[in-house]
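The chain contents come next:
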Amino acid sequence: MERKTHKVLGYNVDLLTFDEAVEVIIDKIKNNEGTQIVTINPEMIETAEQNAEFSEVLKNAELVVPDSSGIELALRLKGIKQERIPGVDISKKLIEICAELNYPIALIGSKEEVINAVREKLKSEFNKLEISYYRNGYFSIEEDDEIIKELANANPKYILIALGAPKQEMFIKKCREKLPDSVYIGVGGSFDVWAGTVSRAPELYKTFRCEWIYRTLKQPQRIKRIYKTLPMFLFKVIIEAVKEKINLCKGI
């Protein structure tokens, strides 16, 4: 499938459905096409604007899916109707398919009790699933090389990293030097959801694209970060959308 993208504040976002994204990623796993999947949101873009190395990682990722309502809205302002593709959902769907195809996976991140719970729940849900490597996310930069060596020895096809952005994306960049043929995805707090320590928003919030409100109510510490990021993000996106329309009218 030919890649189709559109830029949001200078960062490519892939334009495809949930099922198309799954199909693309599974093909890459089957064909050993080393891939970094980024589940992009406004906070990541804001962070990238202050971190040149992280910015390059986002720009060079082979697949960038719109994880948040903010990115979905940004594309709509540009006249593009693109469905949101939640990282927690697509990463879980890929685990299901890997289990069916007997492709080993790896899980890295979160607390020890959470990663253990996730491992047990996934093994229970997908009987044929092979988890060739797993460990918690509490390690220092000095330990990266040893962990990556262990990961390379386990040789998983699909690797899920839950360290939070930008740490997980930067760790994936290092991993790819030793395991260039694996498919990687940063999954943020997905392990906590799967373990049951954090609940997802009820369907009503999802319907009205207000999951971020639910998460903020559950985690008030997010307020300062969100309200520092979202207004400026939307302002920049509106300006960008207006400029694109002006250039389109001018035939540029």
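As a reminder, the structure under discussion sits directly above these lines.
Quick caveat: nothing in here was measured; it's all calculated off a predicted structure.

S.K.: Which residues make up the overall build of the chain, and what values do they have?
M.R.: Scanning the chain for helices and strands turns up 12 helices and eight strands. Just so you have it, the chain exposes about 13000 Å², and 52% of that area is on carbon and sulfur atoms.

S.K.: Talk me through a negative patch on the surface; I want residue IDs and the actual numbers.
M.R.: A cluster of acidic side chains, namely Asp19, Glu23, Asp27 and Glu83, defines a negative patch on the protein surface. Position of aspartate 27 relative to the elements: it lies in helix α1 (residues 18–30).

S.K.: I'd like to hear about helix α6 (residues 112–125), residue by residue, with values.
M.R.: Look at α6: 20 Å from first C-alpha to last across 14 residues, which is about the 20 Å you get at 1.5 Å a residue. Within α6, the full set of buried residues consists of Val114, Ile115, Val118 and Leu122. Buried residues of α6, viewed axially, fall in a sector of 95 degrees; they line one side. Across α6 from its buried face, at more than 90 degrees, point the exposed residues Glu113 and Ser124. At its buried positions, α6 is contacted by α5 (87–101), β5 (105–109), β6 (131–135) and α9 (190–195).

S.K.: For the pairing of β6, give the residues involved together with the corresponding values.
M.R.: By the bridge criterion, four bridges tie β5 to β6 in an arrangement that is parallel. Note that in β6 the partner of leucine 107 across the bridge is tyrosine 134. The β-α-β motif built from β5, the intervening α6 and the parallel element β6 has right-handed crossover chirality.

S.K.: Explain the packing of aromatic side chains to me, and be specific about the residues and the numbers.
M.R.: For the structure shown, the criterion picks out two aromatic pairs. Taking 5.4 Å as the distance between ring centres and 55 degrees as the angle between the ring planes, the aromatic pair formed by phenylalanine 139 and phenylalanine 171 counts as tilted. Of this pair, phenylalanine 139 sits in the loop between β6 and α7 (144–154) while phenylalanine 171 is found in helix α8 (residues 167–178), placing the two residues 32 residues apart along the sequence. A single burial state applies to phenylalanine 139 and to phenylalanine 171, both of which are buried. Centre to centre, the rings of phenylalanine 191 and tryptophan 194 are 5.8 Å apart; their planes meet at 40 degrees, and the pair counts as tilted. Placement of the pair is phenylalanine 191 and tryptophan 194 together in helix α9, with a separation of three residues, close to one helical turn. Pair check on accessibility: phenylalanine 191 and tryptophan 194 agree, each one buried. When the ring centre of tyrosine 11 is taken as reference, the NZ or CZ atom of lysine 59 above it lies at 5.3 Å.

Basis of the calculations
Residues numbered from 1 in each chain as written. Predicted model: local features only at pLDDT ≥ 70, side-chain atom pairs only at ≥ 80, totals over all residues. Heavy atoms only, no water. Helix = DSSP H or I, 4+ residues; strand = E, 2+ residues; numbered from the N terminus. Areas by Shrake-Rupley, 256 points an atom, 1.4 Å probe, with all protein chains shown as cover. Patch = residues over 30% accessible without salt bridge, like charges linked within 9 Å, V, L, I, M, F, W, Y side chains within 5 Å. Salt bridge = Lys/Arg side-chain N within 4 Å of Asp/Glu carboxyl O. Lys, Arg positive; Asp, Glu negative; His and termini not counted. Charge placed at Lys NZ, Arg CZ, Asp CG, Glu CD. Expected span 1.5 Å × (residues − 1). Buried < 20%, exposed > 50% of the residue type's maximum accessible area, 1.4 Å probe, protein only. Arc of directions from axis to C-beta. Contact = heavy atoms within 4.5 Å. Pairing = 2+ DSSP bridges. Right-handed = clockwise from strand over helix to strand, strands pointing away. Phe/Tyr/Trp six-rings, centres within 6.5 Å; stacked < 30°, edge-to-face > 60°. Lys NZ or Arg CZ within 6 Å of the ring centre and 35° of its normal.

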